[in-house]
Amino acid sequence: MIDLYTWTTDNGYKARQAAEESGLDYTLKPVNLRKKAQFDPEFLKISPGHKIPALVDHDGPGGQRVTLCESGAILKYLGEKSGTGLYPDDPMARIKVDQWLFYGSATFTTLAQQYGLFWGRFDEDVPAAKKHYADVLRDMFATLDRHLADNEYMAGAYTVADISMYPDTHVHGAGDIGLDAYPNLARWHDAIAARPAVVRAWEPFS
Ligand SMILES: N[C@@H](CCC(=O)N[C@@H](CS)C(=O)NCC(=O)O)C(=O)O
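Residues numbered from 1 in each chain as written. Predicted model: local features only at pLDDT ≥ 70, side-chain atom pairs only at ≥ 80, totals over all residues.

A. Highlighting the site of the ligand. Not every one of the 13 residues close to the ligand is listed here, only the nearest: Thr9, Asn11, Lys51, Ile52 and Ser71. Elements with a contribution of two residues or more to the shell around the ligand: α1 (10-22) and α3 (71-82). For the shell around the ligand, the residue count by class is three nonpolar, seven polar and three charged. (Near = placed C-beta within 6 Å. Helix = DSSP H or I, 4+ residues; strand = E, 2+ residues; numbered from the N terminus. Nonpolar A, V, L, I, M, F, W, Y, C, P; charged D, E, K, R; others polar.)

B. Looking closely at the sheet that holds strand β1 (residues 2-6). Spatial strand order, β2-β1-β3-β4: four strands in an open sheet with mixed pairing. If you trace the sheet from one side to the other, it starts and ends with β2 (26-30) and β4 (66-69), each paired once. Neighbouring strand axes in the sheet, compared pairwise and without regard to direction, differ in orientation by 15° on average. Taken together, the five bridges between β1 and β2 define a ladder with parallel strand orientation. Paired with Thr6 across the two strands is Pro30, which belongs to β2. (Pairing = 2+ DSSP bridges. Axes fitted to C-alpha atoms, helices over the stretch in contact; angles between N-to-C directions.)

C. The domain arrangement of the protein chain, seen in detail. The domain boundaries assigned to the protein chain delineate domain 1 (2-86) and domain 2 (91-196). Put simply, the middle of domain 1 and the middle of domain 2, counted by C-alpha atoms, are 21 Å apart. At the junction of the two partners, domain 1 supplies 13 residues and domain 2 supplies 13 residues. Elements that contribute at least two residues to the side of domain 1 that touches domain 2 include exactly α1 and α3. No other element matches the six residues that α1 contributes to the side of domain 1 that touches domain 2. Residues that form the side of domain 1 that touches domain 2 fall into these classes: four nonpolar, six polar and three charged. (Domains from an automatic or database assignment. Contact = placed C-beta atoms within 7 Å.)

D. Layout of the environment of Asp135. With respect to the helices and strands, the residue Asp135 is situated in helix α5 (residues 127-149). Once the C-alpha coordinates of Asp135 and Ile177 are considered, the two residues, 42 residues apart in sequence, prove to be 9.7 Å apart.

Below, the structure written as structure tokens:
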């Protein structure tokens, strides 16, 4: 059984989507970031940098207990453990999945979060930063749109690479940036949004 520590943020939804797609048994453990629950000493043992998502797998490799943080590592772990092809076995297929999974974790979400910070959460109005991150987000949307013109998904079949970029595309595609200028990205987004596992992953905590 897996305990999945998460909250209603982009990285949190990535982990929930991967857990739902994996078909593995898991228990949702909400970590209320508004109440600073990520600083609970017990949670810090799992996620030393006080960030969701994180997981505990009580039946990891060799039956051992595994703790893991970082959404990219969690997506890869769940994809690999599930044997569903979400993280493929074929070394050639993995190379491109890794490329886009790292892009999603290290570049896309990290920069999209700065857009969200300056446009939605910063008390001070900083026009230069707002313009910079809006340009950066549009450039990343254009990058994905060009790639998806010739590819159904980011790296062959539907994989954790797609999961790593869906939440920020979903959130910002519904906002001021929109998806109208990015038809291939919109097609990809809508196909993923329709997946039953994705619908379940975005349901409110019960
Ligand atoms: N690189 C990390 C980033 C995780 C992250 O930024 N988590 C945020 C929510 S999306 C968080 O837990 N923030 C709370 C904090 O930093 O105290 C990942 O991909 O998992």
